[in-house]
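Coordinates in review
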Amino acid sequence: MMMMRRRMKLRVNRSQLLSLSKEETSGSFQKEGTLQVGRQEAGLTERFCRLRGNLLFILKKQAGELEEVLLLERCNVMKLPHNSRRLAVSFESGDPPVFLQSSSSAECTSWLISLRDANIEELRRRITHLRTLINTHTQEHTQTTTDSPDNDGGAGGAETAATVSPLHLTVECHGLDIIRDKIQIHISVIDTHTHTVRKHCSAEIAEGSDDGVFLTSVCFCDDFPLYRHCRIKVTIYHGDDSTTVSRSFLGFTSFSIRDVLRVKEPHVSLSLRTMDGVNEVGEVRVSRVQMEGDGESQTPSEHKCSTLCDSIHGSVHDKDNSPMMRALLCAQVSKVNRFKTEDQRWLLVREQMSETPLSFSLPKQLLSLLTQEHTNRIQEVKELGDLSPHWDGLRHDVVSHCNHVTGCYQELLAELEKVSASSCFKSSTSKSDRHLQFVPTNLHTQRMEVTSPDSTGVWYDVITFGAPADHHQAFKHGGLKKLLRKHTNLRESCVSYSQEESSRAKELLTRMAQLQPLVFGLAEELLSVAQELNAARLRQVLGSLTEQTEQFVHALKEELVKCALLEIHNQCIANANSSHVHSNGLLCENCPADQEQDGGRHDTEYDDEEWDRVWVNVGKSINCIVAMVDRLQQQEEQTVMSPEPQEGDTNSQNTGDASRSSCSSFSGCTWQEHLLPLVVTLRDCVREAVGKAQVAMTFVVLQEAVDVTVAQGPAHIAQRRHAVFSQALSAVVCGVMLKLYRGLEDPDFLRQLHTVGVLAQFESLLSTHGDEIGMLEDMEVGVADLKRVAFTITEAKTEQPDDLLPTLSGTWGSFIVEVPLPPETFSSLPQELKDGLLIRVDPVLFNIGINQHQSYAERFGDCSLQERINQQSCEHLKAYCNTLRDRLPDMAGIQSLADLLSSLERSIEAKKRKNVEVLWIAAKVCRKVNGVRLTSCKSAKDRTAMSVTLEQCALLRERHTLSQQHFSTALDWMRRDGCRMENVEKNIGSRKFAFSSVQLLTFPKLYRPPDGSYG
C-alpha cells in the first residue's frame, strides 16, 4: 500500500520519461552501461541502463526505445552469493525482483554502490553530514576570531558547557509555496562539538491562518541539555493529506542558540531553502518566549494562530522526573499548544499520554496469588481426613475446580512472562487474545498540565482503558452480572461462610487436635499416679489435667460451632429428597448428616442448647474428678489423724472398723477404682465434643471452599471474574498512585486517605445494545469487586524503578496493594499512614451510551441496566460525600457538594436520551473530593478520546478562563493533533477515529470529532 501511494505521487507521462532518459536533454548520468536485465534469473536480456537520481532507465539499446523505468525507493540492492557478477533489486511493495548482471565482478561492485546510493534517504544523510561539517568549521572560526563581550567563556574565549535549557521558542513559517494549508515540521538539535544530531520534535501537521502563517512553539526542558554552541535545524515537509504517511520535502534552515540569545530584535529571520541550498522557498522567524508573567509581552502581536509542539521525549517539569514517576509511567508522548484566555493572555497547555508497567506487573502478581490460593485450598480440604460420601464428593468438586484453575493460570502466567519483557501495552486489536485475558486493554494515563501567567504546573489526570471485560470468552450468554445471577438463583438455599470464619474453623480444628491428646494423656497419668500412693504427685497431675481441660472447654465455646451444627441440620431437612452428582461420579441421594452425631438420626426439631450441654458436660466431668480427689485426700488426712492401736496389736488380724477403713483408704487399687469411672466419663465427653466440633468445623471449611470455588459457577465463570477484576485493578492502582504522588504535599488529602479513603469514579460510554451489554455487565461486577481492595504505604528499599512498583498480597476478596515510597518521602507522611493504616477504595460507575447502538436501545431496546447502575452509583457517591463531610468538615469545597449531588440526582431521574450531563456532573464531584477519574469505552480509543478531550477543554474554560471562541479550536486540536490521535495510531496503525459520518449524526454534538479525523 505504501508503494502504491508513492507511485500515485509520481505524476509523469511517457514523453517526460523519454526526455529524462536522453543524454541531450538530461545531461550526464550517475552511471550508464550495458547490463543483462530480467525478472527471472534464468532468462536475462541485454539492455542499456542509465542511472539518473533515483531512476534507473532501461533501454533496448543505447539510443533505442525506453522499455522500463525503476524507481529506486523502498528497495534493497544486493549481490547474489552464488554469482559475483549478478545483482538483485527487491522491493518492499512485494513486486517481483529485478536481476542485473554485469560483464565483470568489478563492474558489478560499481553498479552496486551506485544503486544503493540512488535514493532520497541516502542523499539526505550525505547533505546533513556536509552541513554539520560546514557549521562546525564556521563555529570554530567564529570562536577563534571573535572576542565578543557576550561570550560566557573564560580566557581565550573558551565557552563553558553550561546549558541554556529550559528554553521556549516560537517558529513561524511565511511565504510557503504550497497547495494546501498543512505542513509537517521537524526540529533537530545539532551539537557542533560532538558532531551529533538529536531529533527533538517529531513531525506534526499544523494549520496555517488566513495570511499563510504557520506557527509552532518548541519547548526544551531541563532534561534535554541545550548549549550555546548547538544549532537548531528546522525541516519543513508538505502535509498533503493526513491519511498518507508519505511526505514531500519543502525546505530547511538552521540557526545557532547563541544568535537567538544575543539578538535584541524580537525575532531572528531566516531563509527557508531547498535541499541543495540554492533556492529560497519561504521565510522562517524564530522568537524566544518568556513563560513568566510577562509572557504575553514577549509574543509578537502578529501571531494569529494557535501554537503546536510535539515533544517526543515527553519530558515535563518538576516532579515528573522523580523516581516515582519514572517507575510508574513509560513510553510518554507529549503535545504542547497555547490558547488565549478571556483577558487575551496565553495558556500553555501540555497533553501527556503514558503507558504504565502496571498493565502487566499487576496481572502477573494476581495470577501468582490466585494460583497459590487455589493450591493451598486443595491442601486444606485434603487435610480434613476421612469424610462422609457426600462431603467427600464436595471435596472432590473443590479439588477438581482448583486443579483446573491452577493449570490455566500457570499457563497464562508463563505466556505473560514472555510478552511483558518487551511491552507495557495491550492494543485494542489484541483484546480477545487468550494469553492477554488478564491485561487491561489500551491502558494509558491521560494528563494535562496548564501553565498561565498566574499559575504554573496545574495537572489534571484521567486514566483511560478499555472497559474491563472478558472479550476472549465473548458475550454470547451475557456478562458476569447475568451469569452470576443465574447461578445464584440455583443455590439460594446454600449458606456461605467468610474467609475469616473459615480461618477460625481451621484454628479450632488445629486446637482440638492438640488438646485432645493432652487431656487423654493426663487422664491416663492420673490413674497411674493414683496407684503410687503419692498425694503430692497426684495433685500436680490433676492440676495439669484441669488446666488443659479448661482450655479445651474454652475453645469449644465458639458460637460458630453452634451455628454450623444448626445449618447442617437445616440442610439435611431441606434436602432430604434431593440428589446430586459430584465431579467424581458419586450420586448422593440426600444432604448428609453430620457423620457421627445421633447415629444418623435427624429430628425435624433441633435443640439449640444441645451443643452447650456437650461442652458443659466436659466441664462437669473434670469437676467430678477434682471433687473425688479432694474427698479421697480428706479421707486420708482423717485416717492419719485418728488414734493408732497399741504397738503389739499393730499387725493383729482382729482389728476393728477403724483398722479396715485405714486399709481401704491407703490401698492404691481403691483410689484407682474410685477415679476410673470418672476418667472414662471425661474421655467420653471429650470424644463427643471433638466429634461434633470436627463435623461442624469441617462443614464450615468445606462450605467456604465450595463458596469461593464451585459455588461461583463453572471454572470459566470464575476465570472471567478474575480476568475482569485484574483489568480494573491495574487501572485503579495506577490512578491511586498518580493521585498519591500529586498529593504528597497536601495535608488535607493525606488526612482524607486514612480517614475516609479514596473515591474511584469510573466513566463508561458503552451502549446497552448487543455485545456491549455483556461488557457493561462485566464492568459492573469488576468495579464492585474493587471494594475489597485496600492500599497501604510502605518504605521502599531503594529508589530503583523495580523497588518503587506496587506489590499485591492477600487472597480473593481481601487483596492489599502495597505502594512503596522513597525513604525521604515516606518519612514526611502522617504517622497513621506510616503505621500501615489501610486506605480503602470506594468505586462508583456511571454509564451513558453515546453511539448509534444506544439510539437503537433507547428507541427499541432496554436501558434498565444503565439506569440501575447510575442510580446505585449515585447513592454510593452520596454516601461517600456524606462521610467525607462528617469526618472532614473543614475540607476545601466540601460545602458545595450538596448542590452538585442534587443536580446529579435530578439528571439521573430525568431519564433523558444520551444524558451526558450525568457524566459531567459525576466528574466534577470526583475532582472536588480528590478522587481518581477513569474513562472507558469498548477499547478506549475513539469514544474515550472524545470524552477526555472534551473534559480537558471544559476544565480550561471553567478553571483557566479559556475564551469561548478558542474552545472549539482547542477541542479540534486535541482531537486532530493531540495525544489521542497518537493513541489511535498506536492501536490500529491509522490516524483516523473509527467513526462514519452516519454514525456521528447520532452522537451528542460535543462528542463529534473534526472533519478529516475520522473515517
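Residues numbered from 1 in each chain as written. Predicted model: local features only at pLDDT ≥ 70, side-chain atom pairs only at ≥ 80, totals over all residues. Heavy atoms only, no water.

1. Brief notes about the pairing of strand 1 (residues 31–38)
Alignment of strand 1 against strand 2 (residues 45–52), held across 7 bridges, turns out to be antiparallel. Across the sheet, residue glutamine 36 finds its bridge partner in strand 2, namely glutamate 46. If you look at the hairpin formed by strand 1 and strand 2, you'll find 6 residues sitting between the two strands. Where strand 1 lies against strand 7 (residues 98–101), 3 bridges are found, and the strand directions are antiparallel. When the sheet's bridge partners are listed, glycine 38 is paired in strand 7 with phenylalanine 99. (Pairing = 2+ DSSP bridges. Helix = DSSP H or I, 4+ residues; strand = E, 2+ residues; numbered from the N terminus.)

2. Description of unusual backbone geometry
Non-glycine residue glutamine 344 carries a positive phi angle of around 65°. In this structure, glutamine 344 sits in the loop between strand 18 (330–340) and strand 19 (346–355). The phi torsion at alanine 940 lies on the positive side, around 60°, for a residue other than glycine.

3. With respect to the packing of aromatic side chains
Within the structure shown, the criterion is met by 8 aromatic pairs. A ring pair is formed by phenylalanine 465 and phenylalanine 762, whose centres lie 6.3 Å apart and whose planes are at 70°; its orientation type is edge-to-face. Pair noted here: phenylalanine 465 is in the loop between strand 21 (455–464) and helix 11 (480–490) and phenylalanine 762 is in strand 24 (residues 758–764), with a separation of 297 residues, a long-range link. Each member of the pair, phenylalanine 465 together with phenylalanine 762, is buried. Judged by centre distance (6.2 Å) and plane angle (25°), the ring pair of phenylalanine 993 and phenylalanine 995 falls under stacked. Given a relative accessible area of 0%, phenylalanine 993 falls into the buried group. Classification of phenylalanine 995 by relative accessible area gives buried; the value is 6%. Taken together, the ring pairs connect Phe725, Trp812 and Phe815 into an aromatic cluster. Lying over the aromatic face of phenylalanine 252, lysine 233 brings its terminal NZ or CZ to 5.6 Å of the ring centre. The ring of phenylalanine 425 has lysine 986 lying over it, and the distance from NZ or CZ to the ring centre is 5.1 Å. (Phe/Tyr/Trp six-rings, centres within 6.5 Å; stacked < 30°, edge-to-face > 60°. Buried < 20%, exposed > 50% of the residue type's maximum accessible area, 1.4 Å probe, protein only. Lys NZ or Arg CZ within 6 Å of the ring centre and 35° of its normal.)

4. Description of the sheet that holds strand 1
One open sheet accounts for 7 strands, arranged 4-3-2-1-7-6-5; its pairing is antiparallel. Sheet topology places strand 4 (66–71) and strand 5 (75–79) at the edges, where each strand pairs with a single neighbour. In this sheet, adjacent strand axes meet at a mean angle of 30° when their direction is disregarded. Relative to strand 5, helix 4 (residues 105–116) is tilted by about 165°, and along the sheet it contacts strand 1, strand 2, strand 3 (55–59), strand 5, strand 6 (86–91) and strand 7. (Axes fitted to C-alpha atoms, helices over the stretch in contact; angles between N-to-C directions. Contact = heavy atoms within 4.5 Å.)

5. With respect to the confidence of the model for the chain
When pLDDT drops low, the exact placement of atoms in the prediction is not to be read closely. Mean pLDDT over the chain stands at 80; residues scoring 70 or higher make up 80%. Scored below 50 in pLDDT, residues 590–603 makes 34 contacts in the model with residues more than four places away or belonging to other chains. (pLDDT = per-residue confidence, 0-100.)

6. Focus: the pattern of salt bridges
Considering all chains together, one arrives at 33 salt bridges under this definition. We note a salt bridge from arginine 991 to glutamate 982, for which the minimum N-O separation is 3.1 Å. Its relative accessible area of 17% is what places glutamate 982 among the buried residues. Here the salt bridges do not stand alone but share partners, grouping Lys335, Glu982, Glu985 and Arg991 into one network. (Salt bridge = Lys/Arg side-chain N within 4 Å of Asp/Glu carboxyl O.)

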